[in-house]
Amino acid sequence: MPLFEFTVITKSLSKADLIKTLTRAGNVLLEKGAVIEKVESLGHRDLPYKKIAKQTGDSVYASNYFLFHAHMSSPARLEAKTILRNDLDTVHVEAVLTPTEKPEFECNLEEILKPPAERESVQKLREKQRLCHFTRQLIYKKTEKEWKAIPKSYPIAPPRD
Amino acid sequence: MLRQLSRFSLTPFLHRTVVASSRACSSTSSGSSVVEEQHKASSKCSDDDEPIELSRNPYEKERRKCLLCKTGIELDYKNARLLQQFVSTFSGRVYDRHITGLCDHQQNKLVETIAISRKAGYMPIFVKDPKYVRDPKLFDPLRPLRPHSFA
């Protein structure tokens, strides 16, 4: 079962109400067959954007953040999330999947900092590149024009010494 | 001065001969054997004097790494303060990789994590949080790695 992190943001509540709300949220998760590993409080914080409490319509600017670490199946996660979102005391609920294995990677900044001619990605493009007849003609004409623009001799002979 | 220069140019050879002579003087009883040994050693050395080929360049520069790879910091959607250092103060949008100077993997991860963080209610969506506007700058958007596209 994958590990999900449920972020629960409540509206501003008294301590007794807060306890009730959190036990309710925990019970919802347990009913959906979750194994709760940890419950964290992230403290009373300013919300990044204004939220509106259900039913009362009060605007919430700062509130309590809670984090539930729960192992559960994906469909159960969706059901639990909808139930928690429809709870009158919550303002915002989101379940985020925590990745179990980190993908192996290598920092390719050195490659990015190279000039384009030495970059591997550009070299690949160049290998695959095929010029059509007209492009080839265009390049030829351009170089020809440049070549012809170079004066072969002085239009007026330089004065003799 | 000139003498010294000439000496320097011949140093390895000269040094060896000097050592041999001193040893011969000190041990007069078995002098001939020592000289023979020295001759053998010198013949061996002549083989060793050939240019050595190294498997890799010892002066090769270390590969430069991006900020997150170098410091080993993991991007987390709950760490909104760090994520907002990669967000423009003026437009509230994520800076591109030619400004942030991150590798491809880290930049992709940054964009994903910021999206999650905004969804989960840790980070404002359209702006950078005014609380964090005065945070230290990790990069200068006016001096990008490559010119801006303005597209």
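Remember, predicted model here, so these are calculated numbers, not experimental data. (Residues numbered from 1 in each chain as written. Chains lettered and ligands numbered in written order. Predicted model: local features only at pLDDT ≥ 70, side-chain atom pairs only at ≥ 80, totals over all residues. Heavy atoms only, no water.)

Chemist: What exactly am I supposed to notice about a negative patch on the surface here?
Modeler: Residues and elements named next belong to chain B. Together, Asp47, Asp48, Asp49 and Glu50 give the surface a local cluster of negative charge. Position of aspartate 49 relative to the elements: it lies in the loop between helix H3 (31-48) and helix H4 (67-71). Among the residues examined, aspartate 49 registers a relative accessible area of 56% and is labelled exposed. (Patch = residues over 30% accessible without salt bridge, like charges linked within 9 Å, V, L, I, M, F, W, Y side chains within 5 Å. Areas by Shrake-Rupley, 256 points an atom, 1.4 Å probe, with all protein chains shown as cover. Salt bridge = Lys/Arg side-chain N within 4 Å of Asp/Glu carboxyl O. Lys, Arg positive; Asp, Glu negative; His and termini not counted. Charge placed at Lys NZ, Arg CZ, Asp CG, Glu CD. Helix = DSSP H or I, 4+ residues; strand = E, 2+ residues; numbered from the N terminus. Buried < 20%, exposed > 50% of the residue type's maximum accessible area, 1.4 Å probe, protein only.)

Chemist: Is there a simple way to think about the environment of A:Leu113 in this case?
Modeler: Secondary-structure assignment places A:Leu113 in helix H3 (residues 109-113). You can call A:Leu113 partly exposed: its relative accessible area is 31%. Beyond its immediate stretch of four places on either side in the chain, A:Leu113 contacts B:Arg64 and B:Leu145. (Contact = heavy atoms within 4.5 Å.)

Chemist: Even after reading the chapter, I still don't get the interface of chain A and chain B, so can you show me in this structure?
Modeler: Many descriptions give the size of an interface as the accessible area lost when the pieces come together. Each partner contributes residues to the interface: chain A has 23 residues there, and chain B has 27 residues. Summed over both sides, the interface between chain A and chain B buries roughly 2,200 Å², with carbon and sulfur atoms accounting for 56% of that surface. Remark: the boundary between chain A and chain B carries three salt bridges. For A:Glu5, the salt bridge identified is with B:Lys78, shortest N-O distance 3.2 Å. Here chain A is connected to chain B by nine residue pairs in polar contact (both at pLDDT 80 or more). Elements with a contribution of two residues or more to the side of chain A that touches chain B: strand S1 (3-10), strand S2 (35-52), strand S3 (59-71), strand S4 (90-97) and H3 of chain A. (Buried area = accessible area lost by both parts, 1.4 Å probe. Polar contact = N/O pair within 3.5 Å; in protein donor to acceptor, adjacent residues only side chain to side chain.)

Chemist: Before we go on, may I ask you to explain helix H7 (residues 104-119) of chain B in this structure?
Modeler: Given 3.6 residues per turn, any residue in an α-helix points the same way as the ones three and four places further on. Between its first and last C-alpha, H7(B) extends 23 Å over 16 residues, near the 22 Å set by a 1.5 Å rise per residue. Looking at H7(B), one finds that the buried residues are B:Gln106, B:Gln107, B:Leu110, B:Thr113, B:Ile114, B:Ser117 and B:Arg118. Taken around the axis of H7(B), the buried residues stretch over an arc of 130°, which confines them to a single face. Exposed and oriented more than 90 degrees from the buried face of H7(B) are B:Glu112 and B:Lys119. Against the buried residues of H7(B) lie S2 of chain A together with H4, helix H5 (80-83) and helix H6 (97-100) of chain B. Among the residues trailing H7(B), B:Gly121 stands out with phi positive, at a value near 80°. (Expected span 1.5 Å × (residues − 1). Arc of directions from axis to C-beta.)

Chemist: It is not clear to me how the sheet that holds S2(A) should be interpreted in this structure. Could you clarify?
Modeler: Sheet strands associate in pairs through backbone hydrogen bonding, adopting either a parallel or an antiparallel arrangement. Residues and elements named next belong to chain A. In space, the four strands of this open sheet follow the order S2-S3-S1-S4, with antiparallel pairing throughout. At either margin of the open sheet sits one strand with a lone partner, and together these are S2 and S4. With strand direction ignored, the average angle separating the axes of adjacent strands in the sheet is 20°. Summarising the sheet, S2 and S3 pair through 12 bridges and their orientation is antiparallel. When the sheet's bridge partners are listed, valine 39 is paired in S3 with phenylalanine 68. Running over the sheet, helix H1 (residues 15-31) touches S1, S2 and S3 and is turned about 35° from S3. Against the sheet, helix H2 (residues 74-85) makes contact with S1 and S4, and its axis sits at roughly 170° relative to S4, the strand it touches most. (Pairing = 2+ DSSP bridges. Axes fitted to C-alpha atoms, helices over the stretch in contact; angles between N-to-C directions.)

Chemist: What is the right way to look at the packing of aromatic side chains in this model?
Modeler: The geometry of an aromatic ring pair is captured by two quantities: the separation of the ring centres and the angle between the planes. Considering all chains together, one arrives at four aromatic pairs over all chains under this definition. Through pairs of rings, three or more aromatic residues link up here, namely A:Tyr65, B:Tyr77 and B:Tyr122. Above the face of the A:Tyr65 ring, A:Arg45 is positioned so that its terminal group lies 5.2 Å from the ring centre. (Phe/Tyr/Trp six-rings, centres within 6.5 Å; stacked < 30°, edge-to-face > 60°. Lys NZ or Arg CZ within 6 Å of the ring centre and 35° of its normal.)

Chemist: What should I look at first to understand the nonpolar core in this one?
Modeler: Nonpolar side chains tend to gather and get buried jointly when the protein is soluble and globular. Grouped together as the largest cluster of nonpolar side chains are 30 residues, with contacts concentrated most on B:Cys66, B:Leu110 and B:Tyr122. Listing elements by their share of this core, those giving two or more residues are S3 and S4 of chain A together with H4, H5 and H7 of chain B. Here B:Cys66 is in contact with A:Cys107, A:Leu109, B:Gly101, B:Leu102, B:Cys103 and B:Gln106, once residues within four sequence places are set aside. (Core = buried A, V, L, I, M, F, W, Y, C linked by side-chain atoms within 4.5 Å.)

Chemist: Is there a simple way to explain the pattern of salt bridges in this structure?
Modeler: One side chain can pair with another of opposite charge once the charged atoms of both are near each other. Scanning all chains against the criterion turns up 14 salt bridges over all chains. Notably, a salt bridge pairs A:Arg24 with A:Asp89, separated by 3.3 Å at the nearest N-O pair. Of the two residues, A:Arg24 is situated in helix H1 and A:Asp89 in the loop between H2 and S4; the sequence distance between them amounts to 65 residues. With a relative accessible area of 36%, A:Arg24 lands in the partly exposed category. Between B:Asp135 and B:Arg81 there is a salt bridge, with its nearest N and O atoms 2.9 Å apart. Remark: B:Arg81 occurs in helix H5 and B:Asp135 occurs in the segment after H7; sequence separation between them is 54 residues. For B:Arg81, a relative accessible area of 45% gives the class partly exposed. Each of A:Lys11, A:Arg24, A:Asp87 and A:Asp89 takes part in a single network of salt bridges with overlapping partners.

Note that all results are geometric; they support no functional claim without further evidence.
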